[in-house]
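Spelled out, the chains give:
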Amino acid sequence: MIEDKELAQLFKAESEEHLARLDDGLLRLEKTPADQPLLEQVFREAHSLKGAARMLGLSKIETGAHGLETILNTARKGEATLTPEAIERMTVVLGELRKLVQEALTGEPAGTKITDLLHELQSPAVSPSVPP
């Protein structure tokens, strides 16, 4: 739990912004999974959330955001293409991240299975890109 009230408020506002942008970006990626500027934007949101969580020692949030960041990085580098299943799994991870943010703010256990979800996320979540 974040003990400092001011830091907690700042993290709440910042994480809500990042999560909303991630949510919006994933919805848009469902329609255009190879949209490079969009992949960059969504990747940056995951990266920023990870950094904010790391600064406050929120390792579960950091780990979850890092999992999203890894998948998005693979897609933005053109090493793989996001599949609908990957985007669906990332959306589920976002829901768990929201619960973890609440846990960090309130101290109430979130009861998430973020580790299991990240394990699933790493299983064929993207299709390897095949050069033409």
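Just so you know, these numbers come straight off a predicted model, no measurement behind them. The residue count restarts for each chain, going from 1 along the sequence in the order it is written. Only residues with pLDDT of at least 70 get local features here, since the model is predicted, and only at 80 or more are side-chain atom pairs given and counted; chain-wide, interface and lining totals rely on the full set of residues. Side-chain metrics rest on all non-hydrogen atoms present in the structure, leaving aside hydrogens and water.

Note on ring pairs: Phe, Tyr and Trp rings are taken, using the six-membered ring of Trp, and paired if centres are within 6.5 Å. Classes follow the plane angle, with under 30 degrees stacked, over 60 edge-to-face and the rest tilted. Considering all chains together, one arrives at zero aromatic pairs under this definition. The aromatic ring of Phe 43 is capped on one face by Arg 76, whose charged end is 3.8 Å from the ring centroid. The rule is short: NZ of Lys or CZ of Arg within 6 Å of the ring centre and within 35 degrees of the ring normal puts a charge over the ring.

What follows concerns helix 2 (residues 36-55). Helical geometry: 3.6 residues make up each α-helical turn, so side chains three or four residues apart lie on a common side. Over its 20 residues, helix 2 runs 29 Å from end to end, which matches the ideal 28 Å to within 8%, given 1.5 Å per residue. Inspection of helix 2 places Leu 38, Leu 39, Val 42, Phe 43, Glu 45, Ala 46, Leu 49, Lys 50, Ala 52 and Ala 53 among the buried residues, and these make up the whole buried set. Note on contacts: a residue pair is in contact if any heavy atoms of the two residues lie within 4.5 Å. Helix numbering and strand numbering both begin at the N terminus, where a helix is a DSSP run of H or I of at least 4 residues and a strand a DSSP run of E of at least 2. Buried-residue contacts for helix 2 involve helix 1 (5-31), helix 3 (59-76), strand 1 (80-82) and helix 4 (84-106). The backbone nitrogen of Leu 38 lies 3.1 Å from a side-chain oxygen of the residue at the head of helix 2, namely Asp 35. In the stretch just after helix 2, Gly 57 is the one whose phi turns positive, near 75 degrees. The length a helix should cover is 1.5 Å for every residue beyond the first. Burial classes follow relative accessibility: with a 1.4 Å probe on protein chains only, a residue under 20% of its type's maximum area counts as buried, one over 50% as exposed, and anything between as partly exposed. What qualifies as a polar contact is a pair of N or O atoms within 3.5 Å, subject to a donor-acceptor requirement within protein and to the restriction that residues adjacent in sequence count only when both atoms come from side chains.

By definition, a salt bridge exists where a carboxyl oxygen of Asp or Glu is found within 4 Å of a side-chain nitrogen of Lys or Arg. Scanning the model with the defined rule gives nine salt bridges in all. Two residues, Glu 45 and Arg 21, come together in a salt bridge whose shortest N-O distance is 3.5 Å. Of this pair, Glu 45 sits in helix 2 while Arg 21 is found in helix 1, placing the two residues 24 residues apart along the sequence. A relative accessible area of 10% means that Glu 45 is categorised as buried. In this structure Arg 21 comes out as partly exposed when scored by relative accessible area, which is 38%. A cluster of three or more residues bridged by salt bridges with shared partners is formed by Glu 17, Arg 21 and Glu 45.

A separate point is the environment of Leu 38. Looking at the secondary structure, you find Leu 38 in helix 2. Using a relative accessible area of 2% as the deciding quantity, one classes Leu 38 as buried. With 38 residues separating them along the chain, Leu 38 and Arg 76 place their C-alpha atoms 9.0 Å apart. Beyond its immediate chain neighbours, meaning those up to four positions away, Leu 38 contacts Gly 25, Arg 28, Leu 29 and Thr 32.

This paragraph deals with the nonpolar core. Among the nonpolar cores identified, the biggest contains 37 residues, and Leu 29, Ile 61, Leu 72, Leu 82, Met 90 and Leu 97 are the most heavily contacted of them. Where this core is concerned, the elements lending two or more residues are helix 1, helix 2, helix 3, helix 4 and helix 5 (114-122). In contact with Leu 29, other than residues within four places in its own chain, are Leu 38, Leu 39, Val 42, Leu 72, Leu 82 and Ile 87. Think of a nonpolar core as a cluster: buried Ala, Val, Leu, Ile, Met, Phe, Trp, Tyr and Cys residues, connected wherever their side-chain atoms sit within 4.5 Å.

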